[in-house]
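Here is how the chains run, residue by residue.
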Amino acid sequence: MVDVRMAHGMSLRGLLVLALGTLVLSASDPSGRASGDAGWIPVAVHVVLVGFDDELPVAPAELRRLLESSLPLAQPSLVKTSEVFETQTVLQYTVHRAEDAQRHALQDAVVAAAKAEPAVYSASLEGSERAVVDVDAKRLEDAYAQLYDELVGGVNKAPGGDSSSKPNTYLVVIQRLSADEMSPKFPAMHIQGSPTLHRLRYARSVPTQAFVGKGRYLVVDLSAAPCHYGMLGADGSVSESTFPRLEVVGENTSADEQRVIVAVAMRAISALVVSAVRFVLAPSVRFCPASASSVLMPVIALRDHEDAADVTQVDAAIASLRTEVQRWNISGIDVSILASTHPLHTHPSLAIALSRALRSATTHEIYAGRFTPIAKPFLDASELLLNIARSADALGGELMRASAADGGGALSSALGTATAAFRRATQAAEDGAPVGSRLLPVYLLSLASEDARTVLKANLVGHDLGADITGGARAAAGAAHSAHGRAEAGLLSVSSVAVVVLQPTEEKVNTGHFSSDGEAFADGRDATRHLVAGVLGALAGVMPPHETFSHVTAQTETSYVWAVGAHPFGPFATTSTVSDIFIDVATRNQLLCQLRAIEIQLDAAEHAVDRFAHDFLRAEPGNRQTGGSLAPWDGFAEHVWENRRQQPDTMPLVFVSRLVPQSRELRAQLGALQDAVEIAVLLPSESFAQFSSLLVAASALSVRAQAEVISARIDLGCCALLHDVSLPLSSYLYLLLLTFGALAAVGVAVARRRGGAQKYSLRSMRVAREHASRRL
């Protein structure tokens, strides 16, 4: 099928879906399609406008229509292969206008949070000195959870969720709180002539105007003090102008001016909601890990020191990781965490991998009033993971000897099959075949020597063996697509086969980011947040909320608007708690990868049968589609099976008649499950068992079909069928042939005339010579 790209990067098929999306959603049977066709997953997005009164009268119905026309569906992409999933995410928008009582409740919660930990100071904002009070947004969770319950309704609690919110149903809060009403209630320090502004911080993070909540909601506070944060020299940074300062309608505002003000506000709100959908609510999938019912996760802490305090921190980080993974309860995956701590010098292969990945870069820092070049060490994440993967064969034996010496018999027996499981998981992730159990090693490198200043830098974030989840992936994705950019630094590297976390002893690790507070640092001693982020990313391919993949440009886009909140991802995160939103994303990623794996297995089985039928059976063309990107044998077996009564009862026909119905039955089951997910009869979290069984059946059919095709070809080695395909001639070809025929006829006539004239001239010369001889 030819993929016709439009001006905005959408295919022709995508535009048709966009046009029919609203009609499909409003129909009584939203799954009105044939079984086995590309499906979709419904996601409900509720937008509540808080403080949009007569001063800024934004109509909810008009905003809803604008959102539906801006982004009616999201097309998830697979970052690793730049592949677009056939299953789409259909967005159902609902816009609410908050009542005055709800606005006052949020304002009271902000004032209470400001009084709980008073932090008032003056700051230069927009060219003037203003009094600012810090507000810990984590203290506002209960207020927004109550607003969610009032507007959306808390039913159908999802597994692992802390709140009673609905899975795949989210609330985006766009608020304009009254500074005049809250300023007198804030802690003391007021500047005459201007009210005190509040500045949001989530769990002592950098100042922000937007954050991801612990429940299924996101908050944008347009009335908070402006701020800026991001990465030096990179796109996607947040500035004071990122969040709009909306104008209001005054008494002397004309009708035309009011329409312009409202239209500008609606477009600004729509852009914020679309950004939340693309980066947080319906993001891309980093990679598809191997489909397994159980995951064995050995957390291997390797240290080069004997500091008791750091050892205690490692134990606490592993305990927090185990608690958080149990809370997720990702459907159908039984995660077993086995932790152990070993000296680094007892593992030569890992020490060698660490030294081989060590690099040095020269940076210029201000020292004694001038820029001074300083060489700083860093670890190349892709090289480190690659060397660890190459040492996987020796890793199992070394760990068994080390754990036996420490008395850890459980870890020794569990890792006895480490090498085989490692290779099976890597291969299964490529072809989509299911595996019984998956090995996911997590390496925690606690460094206290000269390498304590070391950070990870990934030049191939989109690559499976070098995915840096802590920094923006724009430069790395560009490198993966033959472009050059700035390498990102962090303390975490994640892939589908391993996770590596660095734990330097330094409290402040420079990662090249900034905020309104100045230079941003990562706490090197706290490894809990990086462990949680790495495990969630490796288990389900979850991307950080400041990155998304564009299948139009085939590059990763970065925006730090949602880099703060209840998540462990990125340089500005300060908590190890994972929002319910990312648990939903992990479940949807799992569903998308299962559908992709089922399609891969069924396509492999059908391809083998089609090639066999094309080589040994004959069938009339009929209505079978040919040409274009389709191979001559695509769909040949099913066409032969549908017209089997016209064929003699031969061994190839019996073979095709046995495998084609099984493939059709599996595709029918796949279509029925997709229909159940689409109409929300079956939640994605509840469909894991059904899709897993279907994946096992599809994989078994693929293996059996390919094996039987090989055996049948051996039996029919004496025979073959050649297809004589006559191509129809177009009118242009007929005209071209007639032209060549006419030119050939004219050429023959001219040649004959020239030949006759030449013969006549030769005869005249002979006659003249005869006359001359006679005279003599």
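Draft legend 1. Up close: the state of the cysteines. For the structure on display, the rule yields one disulfide. Paired by a disulfide, C288 and C593 hold their sulfur atoms 2.1 Å apart. On the S-S bond that ties C288 to C593, the torsion sits near -85°, and the link is left-handed. A residue pair is termed long-range when its members are at least 10 positions apart, and C288 in the loop between α6 (255-281) and β13 (292-303) and C593 in helix α15 (residues 580-616) qualify at 305 residues.

Draft legend 2. Quick look at the nonpolar core. In terms of nonpolar packing, the biggest core is built from 122 residues, with V45, I174, W328 and W562 touching the most fellow members. The element that contributes the greatest number of residues to this core is α6, accounting for 14 residues. One finds L78, F85, V609 and L716 within the second-largest nonpolar core, a separate group that totals 41 residues.

Draft legend 3. How the structure looks around the pairing of strand β5 (residues 88-97). In terms of residue burial, β5 counts as a mostly covered element, since seven of its ten residues are buried. As judged from the ten bridges shared by strand β1 (residues 40-50) and β5, these two strands associate in the parallel manner. Across the sheet, residue P42 finds its bridge partner in β5, namely V90. Alignment of strand β2 (residues 73-74) against β5, held across two bridges, turns out to be antiparallel. Bridging from a neighbouring strand, A74 pairs with T89 of β5.

Draft legend 4. Spotlight on helix α14 (residues 528-540). Over its 13 residues, α14 extends 19 Å from the first C-alpha to the last, a length consistent with the 18 Å expected when each residue adds 1.5 Å. Taken from the residues just after α14, G541 is the one with a positive phi, measuring 65°.

Draft legend 5. Fine view of unusual backbone geometry. Unlike most non-glycine residues, N168 shows phi in positive territory, near 60°. Inspection of the secondary structure puts N168 in the loop between α4 (141-151) and β8 (169-175). For N168, a relative accessible area of 7% gives the class buried. Not every positive phi belongs to a glycine, and A554 is a case in point at roughly 55°.

Draft legend 6. Inspection of the packing of aromatic side chains at higher detail. Tallying each qualifying case throughout the model produces seven aromatic pairs. Measuring from ring centre to ring centre gives 6.1 Å for Y144 and F211, while their planes differ by 70°; the resulting arrangement is edge-to-face. With Y144 in helix α4 and F211 in strand β10 (residues 210-212), this pair connects stretches of sequence that are 67 residues apart. A residue is classified by how much of its surface remains accessible, and Y144, at 2% relative accessible area, is buried. Relative to F572, the ring of Y560 has its centre 5.7 Å away and its plane inclined at 85°; by these criteria the two rings are edge-to-face. Linking Y560 in the loop between β26 (555-558) and α15 with F572 in the loop between β26 and α15, this pair joins segments that are twelve residues apart in sequence. The residues Y560 and F572 share a single accessibility class, namely buried. Taken together, the ring pairs in this structure connect Y144, Y202, F211 and Y217 into an aromatic cluster.

Draft legend 7. Up close: the pattern of salt bridges. Per the counting criterion, the structure on display carries 20 salt bridges. For D134, the salt bridge is made with R201, and the minimal N-O distance between the two is 3.0 Å. Residue D134 is located in strand β7 (residues 128-136), and its partner R201 is located in strand β9 (residues 197-201); the two are separated by 67 residues in the primary sequence. Of the charged contacts, one joins E708 and R658 as a salt bridge, the two residues approaching to 3.0 Å between their closest N and O atoms. Taken together, the residues E708 in helix α18 (residues 688-715) and R658 in helix α17 (residues 651-678) connect sequence positions 50 residues apart. Counted as one network, the salt bridges with shared partners bring together R216, E324, R327, D580 and D584.

Draft legend 8. View of the pairing of β8. By the criterion of burial, β8 is predominantly enclosed, with seven of the seven residues buried. The side-chain alternation of β8 yields two buried faces, one formed by T169, L171, V173 and Q175 and the other by Y170, V172 and I174. Here seven bridges tie β1 to β8, and the two strands are oriented parallel to one another. Directly across from V45, in β8, lies its bridge partner Y170. Both β8 and strand β11 (residues 217-221) contribute to a ladder of five bridges, which runs parallel. Bridge pairing in β11 places V172 opposite L218.

Draft legend 9. Quick peek at the packing of helix α3 (residues 100-116) against α4. α4 packs onto α3 with a crossing angle of 165° between their chain directions and a minimal axis gap of 10 Å. Between α3 and α4, the angle is such that the two are roughly antiparallel. As for the relative orientation of α3 and α4, their crossing is right-handed in sense. Taking contact as the criterion, the partners of Q102, L106 and A109 in α3 are, on α4, A143, Y144, L147, E150 and L151. Residues that form the contact of α3 with α4 fall into these classes: six nonpolar, one polar and one charged.

Rules used in this analysis
Residues numbered from 1 in each chain as written. Predicted model: local features only at pLDDT ≥ 70, side-chain atom pairs only at ≥ 80, totals over all residues. Heavy atoms only, no water. Disulfide = S-S within 2.5 Å. Helix = DSSP H or I, 4+ residues; strand = E, 2+ residues; numbered from the N terminus. Core = buried A, V, L, I, M, F, W, Y, C linked by side-chain atoms within 4.5 Å. Buried < 20%, exposed > 50% of the residue type's maximum accessible area, 1.4 Å probe, protein only. Pairing = 2+ DSSP bridges. Expected span 1.5 Å × (residues − 1). Phe/Tyr/Trp six-rings, centres within 6.5 Å; stacked < 30°, edge-to-face > 60°. Salt bridge = Lys/Arg side-chain N within 4 Å of Asp/Glu carboxyl O. Axes fitted to C-alpha atoms, helices over the stretch in contact; angles between N-to-C directions. Parallel < 35°, antiparallel > 145°, perpendicular 65-115°, else oblique. Left-handed = near helix turned anticlockwise from the far one by under 90°. Contact = heavy atoms within 4.5 Å. Nonpolar A, V, L, I, M, F, W, Y, C, P; charged D, E, K, R; others polar.

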